[in-house]
Amino acid sequence: MSFNKTKIAILISASFCLNMPTMSAFAQDQTSSDTEEVEKISVTGSRIARANLVQATPVTSVSADDIEKSGTFDLGTVLAELPAIGGTSTASGNANNNGLAGLSLADLRRLDSSRTLTLVDGKRHVGSDAGTSVVDLNSIPAGLVQSVDIITGGASAIYGSDAVSGVVNVILKKDFEGLEFDARGQTSTQGGFGKNHSFSILGGGNFADDKGNATFSLSHARTGRTRSTDLQQSGFYGTVNNPESIGEEDGIPDLLFVPNVGSEWIHRNGVLINNGPQYGFNDDGTPVRQQSREFTNSFAFGNFPNGCETCFFGDNYVDVLPEQNRVTAFGTFNYDITDNVSFNSSVKYVLSNIEQSFQPAFRFTGGGGISVNVQDNPFLDPVLRQELIEQGASSVGVNRFLADERGEGRNADNRRTTFRLTSGFEGLFDLGGTFVEWETYYIYGETNNTIGQQNAIILGNLSAAVDSVIDPNTGLAACRQDVPSAQGEGYESPETVSRTGRACLPYNPFGNQNSREVLDYVYNTSLSTEEVTQEVFGGSFNFDTGEFFELPGGAIGFAGGYEYRKETSFSTFDRIAQAGFTQQAASPDQGGEFDVEEVFAEVFVPILMGESFAEELSLDAAVREADYSHSGSATAWKVGLIYSPIEDVRFRATLSEAVRAPNIDEAFRPQSPGFGRVADPCDEDNIDDNPNRRANCAAIGAPTNFQANDNVSVGTITGGNPDLLPESSESLTYGVVYTPSFINDFSITLDFYDIEIVDAIDQVLVQRIVDNCVDSASGPDAGFCDLIERDPNTFDVDTVQSTFINTSKLTTKGVDFEVAYLHDISQYDFGANGSLRFRLQGNYLDELNRFEFQNVPDEVNVERGERGDPKVSFITNVDYIGEGWTVGWRGRFLDSQALIALGPDEDIPEDRSPAFTGSYMTHDLNFSYDLGDHIIVNGGVRNVGNRLPPTNLLGDGINDNIFDFLGRRVYAGIKISL
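What you are looking at is a predicted structure, and each value in this text was computed from that prediction instead of being measured. Counting restarts for each chain, with residues numbered from 1 along the sequence as it is written. Only residues with pLDDT of at least 70 get local features here, since the model is predicted, and only at 80 or more are side-chain atom pairs given and counted; chain-wide, interface and lining totals rely on the full set of residues. Working from all heavy atoms in the structure, the side-chain values ignore hydrogens and water.

Now for the sheet that holds strand 1 (residues 59–63). In this scheme, strands are said to pair when DSSP sees at least two bridges between them. In DSSP terms, a helix is any run of H or I states spanning at least four residues, a strand is any run of E spanning at least two, and both are numbered starting from the N terminus. Strands sit in the order 1-4-5-2-3 across an open sheet of five strands; the sheet is mixed. Looking at which strands have only one partner, the edges of the open sheet turn out to be strand 1 and strand 3 (123–124). In the sheet, strand 2 (residues 116–120) pairs with strand 3 via two bridges, with the strands oriented antiparallel. Looking at the pairing, Val 120 lines up with Lys 123 of strand 3.

Okay, structure coming up:
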């Protein structure tokens, strides 16, 4: 009996997952060409595939056809629409994160992308972000993808660390022969945004009497920038205090969600703050009396129903999709050295250029704002100067967003390159009548990212440039530091960075009148570099006992192997950033490395097969032992069971323990700056959300009836923790597969999952730190309060320090369900030929809880049902497949989600209106047509009904990306094969 034909070979080979199935068996097109494609999948030397329906561990698959129907080449965005994967870390979710710019990552179960292991053809891929192992799915050209398989449990024992929540395995096309040209594009029907296009050429052929095959691909892809203000739902929405509310639980919403929420206290042209009226400024510096708001959000923000030209509205500076240009070159070389030994290799190079913008740096009165000398400043309007002198003002503050002459904020250009090389040998040999399959492999990967961030403010230079006077020798504006007669006794220049060949140039804080030369003195284009490397080598073998021993269900299969992996990550910053001369804290160079050795073993035991009440009874088990250089040893294991009492019904279950060691970022990152948003718990609008807050806020010095300025970003300082322990998880999945024999090509799968991660590594959100400072029944918690720096004058939060910790635990439970049916309608006598294909994939989320603090193990952060984590979600596909053409419909449903915080001592629906999004569903149409002569065209409409996100969400937050924020768009493509 040939090893390649046994069920044992199927299991063991699938366990190594060099290639996984293209789709669930009954969701495939029933055509001869598709059948051949499945048979050609190479699994550790064999050509056998396993479907989701016959494995103990559930597998969900996305085909190349599914990717094509999406209208986008962004693989991460395609996967994020699956119910089991969150939209947290797609390209739009990462749009406001400089280091993650342009990356599109997978986040299984919403447990964080760091817990999802992404593989390419069953092998590890170099990380795309400094300090982590997360893989940019955009770096894998969609045109090369044959399928993507998602394993949603019990994966660490098979694949190693990082597979806590599961595995995403991207399977590429192999042994390609011919030449293929592919072009596709997409655009919104509602404006000039949401544009993307790609072009690719794929060529390959056999040589040496078909012993070898070489393949080469070259592609270019572009995604156009989309800003919040481009979107239909843009309207500067935010919350304001409801003047009709008289207190908690009065039956009246406390907050209203309204348009045109902004601030008359700050603007890119400056806002003059004095005891009298506030003045904004036109571009030419002409003062304008600031408008009055209708309702208030905080002291600095409110709504302006008729707009306000000299007010700040945050959406003006938000990218929901950055500009991306990507070029990818990819090649493979495979050669059969003998009948039993083959060589394989691949090489990839990706160049990505990403441009994005952020909110400008700002200076705000009371927190380091711009101070202007009323008498001396040469740029102050003469009429306004006289008014201020008459009021007795000698100096005034100016609140200003420090945009450049184009009104742009902090622009960042990322140039990211990825190189990956793989090579290996595989084969089989006869050992005493038993065929042993083996493989060895080597992988090297390197990611380099150069980040240039424009318009970072050099604080000392800004102070020097703002402090300007009229030089009596020239009659022109000059910096006080260059006019000795204006300096006074004890004067010291605030300049911190001396520009070679550039004297201090006076900065006009009123209007938009500063030249590029002035801005070059005040601003810095900071440069930082990141380098991530990965080196892997290993080997594996597998065999069965078929030649000398079999159980009633068949032969026992064994597999084992060894893998060594080394990962490094280093980041460097320019001297100005290192010195802390900009608005951000000092950014030291950072880096770290680790290596790990792993050995693994697997066994498959087919106990019974074809017996009464035991059509199949089989057991599989795996164990993996790892030794990390920075965190010690760790063991992962799994046990799986399949029981089929009759042919139509199959029960399956997997129990596993997974282990994830801290990555380089979590363990070694130095303290580094950033920005975050907090809702101050001591604000009068929030202080009664917890019964302990009022007393605790008073104890730490909060003023009575405190109104926080918490609509402006606060500084954050984050860093790694070398004392972190590995986190471990226990995962249980169990379910049933029903394939009734009386209905051809029909299946129902139902899989329950229960995951608990103990000592979960997490970076505590700044909001949780601020809340926990004042929410304890025993008084202010010094452990958290000491991490918060407040302004001594205003009591506003200035800076929050955060680090990675081993939290108490993280838990999730739910149910995945799928229904698939393929029906041949040619048998009916109404003149139609072809097949009707139906597929429903859904999820019911029963629990998603974070227990963040070891010393408060019962304090729970409930996320189930909150925005981004709906209780129920599903996608439905219905396709009519004719001869050479298909038409299809796709629907995506999301249950209503809370816009308030759920859980004990959290918000109640009265806290804001609306408090929930309501249910949400979109509809897509697609088609494909074979024109003949090897030309296929395809196209479609996404979001046919132009269903916009509820409550005008813009997709600029990690939880908003679950919705389709782009609205209706059309796409088309053409594929020419020679």
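Still more ground to cover, so stick around.
For patches, a residue must show more than 30% relative accessible area and have no salt bridge; joins then use 9 Å for like charges and 5 Å for nonpolar side chains, namely Val, Leu, Ile, Met, Phe, Trp and Tyr. Note that accessible areas follow from Shrake-Rupley with a 1.4 Å probe, and for residues the cover is restricted to the protein chains shown. Whenever a carboxyl oxygen of Asp or Glu lies within 4 Å of a side-chain nitrogen of Lys or Arg, that contact is scored as a salt bridge. Only four residue types enter the charge count: Lys and Arg as positive, Asp and Glu as negative, with His and the chain ends excluded. Every charge is mapped to an atom, namely NZ of Lys, CZ of Arg, CG of Asp or CD of Glu. A surface patch of like charges, here negative, comprises Asp 175, Glu 177, Asp 209, Asp 210, Asp 336 and Asp 339. In this fold, Asp 210 is placed in the loop between strand 7 (196–207) and strand 8 (212–223).

Think of it in three bands: with a 1.4 Å probe and only protein chains considered, a residue is buried below 20% of the maximum accessible area for its type, exposed above 50%, and partly exposed in between. In terms of residue burial, strand 44 (residues 885–894) counts as a mostly covered element, since seven of its 10 residues are buried. As paired elements, strand 43 (residues 872–881) and strand 44 share nine bridges and run antiparallel to each other. Note that in strand 44 the partner of Phe 874 across the bridge is Phe 893. Following strand 43, the chain reverses through three residues before pairing antiparallel with strand 44; Gly 884 in that reversal takes a positive phi of roughly 85 degrees. Direction of pairing for strand 44 relative to strand 46 (residues 920–932): antiparallel, over a ladder of 10 bridges.

Before going further, it helps to examine helix 12 (residues 766–774). Most of helix 12 sits inside the fold, with eight of its nine residues counted as buried. What helix 12 keeps buried is the set Val 766, Arg 768, Ile 769, Val 770, Asp 771, Asn 772, Cys 773 and Val 774. The contact rule is simple, with two residues in contact once any of their heavy atoms fall within 4.5 Å. Buried residues in helix 12 make contact with helix 11 (693–699), strand 34 (714–719), helix 13 (782–785), strand 38 (788–790), strand 39 (797–806) and strand 42 (861–862).

On to the nonpolar core. By convention a nonpolar core is built from buried Ala, Val, Leu, Ile, Met, Phe, Trp, Tyr and Cys residues, the set being connected through side-chain atoms within 4.5 Å. Judged by nonpolar contacts, the single largest core of 28 residues is most densely connected at Leu 272, Leu 388, Tyr 507 and Val 522. Secondary-structure elements contributing two or more residues to this core are strand 14 (279–281), strand 21 (370–373), helix 6 (382–390), strand 22 (395–401), helix 7 (459–466) and helix 8 (516–522). Discounting chain neighbours no more than four positions away, the residues touching Leu 388 are Leu 272, Asn 274, Val 374, Leu 380, Ala 393 and Val 396.

Here the focus is the state of the cysteines. Note that a disulfide, as used here, is simply two cysteine sulfur atoms within 2.5 Å. Inspection of every chain in the model, using the stated rule, returns four disulfides. Residue Cys 479 pairs covalently with Cys 504 via a disulfide, S to S 2.1 Å. Sign of the S-S torsion, about -80 degrees for the bond between Cys 479 and Cys 504, identifies this disulfide as left-handed. Of this pair, Cys 479 sits in strand 26 (residues 477–479) while Cys 504 sits in the loop between strand 26 and helix 8; the two residues are 25 residues apart in sequence, bridging distant segments of the chain. The pair formed by Cys 479 and Cys 504 is uniform in burial state, with each residue classed as buried. If one numbers only the bonded cysteines of the chain, in the order they occur, the disulfide pattern is 1-2, 3-4, 5-6, 7-8.

So, on to the environment of Phe 537. Within the secondary structure layout, Phe 537 lies in strand 27 (residues 523–544). Sequence-wise, Phe 537 and Thr 440 are 97 residues apart; in three dimensions their C-alpha atoms are separated by 7.5 Å. If near-sequence neighbours (up to four positions away) are discounted, Phe 537 is found in contact with Tyr 441, Tyr 442, Tyr 562, Glu 563 and Tyr 564.

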